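The chain contents come next:
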Amino acid sequence: MADRQRTLAWPTAAAPTHMRRAAAASVDAVLALLCGLAAGAVAGVRVSDGVAELDPKSPALWGALLGAAFGLSFLNHVLLTLATRASLGKLLTGLRVARASDGGRPTFLRLIGRWLFGFYWMIVFVPIHLAADSGVDQQDAVGVRVVRRGGSVPAPAAHA
């Protein structure tokens with residue numbers, strides 16, 4: 001156990017607050033939703049006799065809405081994060097991501113895994129948390145941690 005503690009003795013930074021993480025996630029979610037809504041509105045508009053109508057039953061509307069929302073989410077959470085170590089929401093709130101093992105830059109595959117885990121978290125844990133009013137915290141996934149920008153990766157808690 002002592003060997004494990006010695007190997008994890010890198011400098012630590014304060015973990016980001018729940019409010020900061022929630023603000024970053026909210027910015028990212030609103031950005032993806034607004035992009036999806038705009039694309040859906042453009043694709044779902046039908047012009048007849050000089051009058052523009054939005055057809056909410058149009059498959060083009062829903063395809064564009066979902067495609068743009070998921071596409072922007074992927075660009076933001078995977079490609080932008082690969083380039084800058086942070087999504088737009090994290091950049092605005094002073095956060096970044098880092099490999100949990102050594103604080104290095106996350107790989108492309110880890111970022112894809114983290115992006116997919118975010119959907120799982122949203123579908124499974126958020127409804128449970130809201131229904132039970134539990135104290136469940138957002139978890140770091142696939143070996144990628146959220147840390148404050150400019151800070152180092154907090155060392156994992158030692159197991160007794």
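Everything that follows concerns the structure shown earlier in this document.
As a starting point, this report considers the structure included with it. Here the structure is a predicted model, which means the values were calculated and not measured. Along each chain, numbering runs from 1 in the same order as the chain's sequence is written. Given that this is a predicted model, residues contribute local features only at a pLDDT of at least 70 and side-chain atom pairs are listed and counted only at 80 or more, while totals for whole chains, interfaces and linings are drawn from all residues. Side-chain figures throughout are based on the complete set of non-hydrogen atoms in the structure, without hydrogens or water.

**Regarding the packing of helix α2 (residues 18–44) against helix α3 (residues 59–84)**
Item 1. As a packed pair, α2 and α3 sit with axes 7 Å apart at the nearest point and diverge in direction by 150°. In terms of orientation, α2 and α3 fall into the roughly antiparallel class. Two packed elements cross with a definite hand, and for α2 against α3 that hand is right-handed. For the pair α2 and α3, the contacting residues are D28, L31, A32, C35, G36, L37, A39, G40, A43 and G44 in the first and A60, L61, A64, L65, A68, A69, L72, S73, N76 and H77 in the second.
Item 2. Three residue categories are used. Nonpolar comprises Ala, Val, Leu, Ile, Met, Phe, Trp, Tyr, Cys and Pro, charged comprises Asp, Glu, Lys and Arg, and polar comprises the others, including Gly. When the residues that make up the contact of α2 with α3 are grouped by side-chain class, the tally is 13 nonpolar, six polar and one charged. Lines fitted to the C-alpha atoms define the axes, with helices restricted to the stretch that makes contact. Angles between their N-to-C directions range from 0 to 180 degrees. Runs of H or I in DSSP of at least four residues are treated as helices and runs of E of at least two as strands, each being numbered from the N terminus. In this scheme, roughly parallel covers angles under 35 degrees and roughly antiparallel covers those over 145, while 65 to 115 is roughly perpendicular and the rest are oblique. By convention the crossing between two helices is left-handed if the near helix lies anticlockwise of the far one by an angle smaller than a right angle, and right-handed if it lies clockwise. Contacts were defined at the residue level, with two residues in contact if any of their heavy atoms lie within 4.5 Å.

**Observations concerning the nonpolar core**
Item 1. Side-chain atoms within 4.5 Å link the members of a nonpolar core, which is a set of buried Ala, Val, Leu, Ile, Met, Phe, Trp, Tyr and Cys residues. Whether a residue is buried, partly exposed or exposed follows from its accessible area with a 1.4 Å probe, protein chains only, as a fraction of its type maximum: under 20%, in between, or over 50%, in that order. A24, V78, L95, V97, L111, W115, V144 and V146 form the largest nonpolar core, which has eight residues in total.
Item 2. Among the elements of the structure, β3 (95–99), α5 (108–132) and β4 (144–148) are those that each provide at least two residues to this core.
Item 3. Among all residues touching L111, those that are not within four sequence positions of it are H77, V78, T81, L82, V97 and P106.

**Structural notes on the packing of aromatic side chains**
Item 1. Note on ring pairs: Phe, Tyr and Trp rings are taken, using the six-membered ring of Trp, and paired if centres are within 6.5 Å. Classes follow the plane angle, with under 30 degrees stacked, over 60 edge-to-face and the rest tilted. Tallied over the full model, the rule gives five aromatic pairs.
Item 2. The interplanar angle of 80° and the centroid separation of 5.1 Å between the aromatic rings of W115 and F119 together place this pair among those described as edge-to-face. Residue W115 and its partner F119 are located together in helix α5, separated by four residues, close to a single helical turn.
Item 3. What makes W115 buried here is its relative accessible area of 16%.
Item 4. Relative to Y120, the ring of F117 has its centre 5.9 Å away and its plane inclined at 45°; by these criteria the two rings are tilted. Of the two residues, F117 and Y120 both sit in helix α5, three residues apart, roughly one turn of that helix.
Item 5. Since its relative accessible area comes to 23%, F117 is described here as partly exposed.
Item 6. Within the aromatic cluster, the residues linked to one another by ring pairs are F70, F74, W115 and F119.

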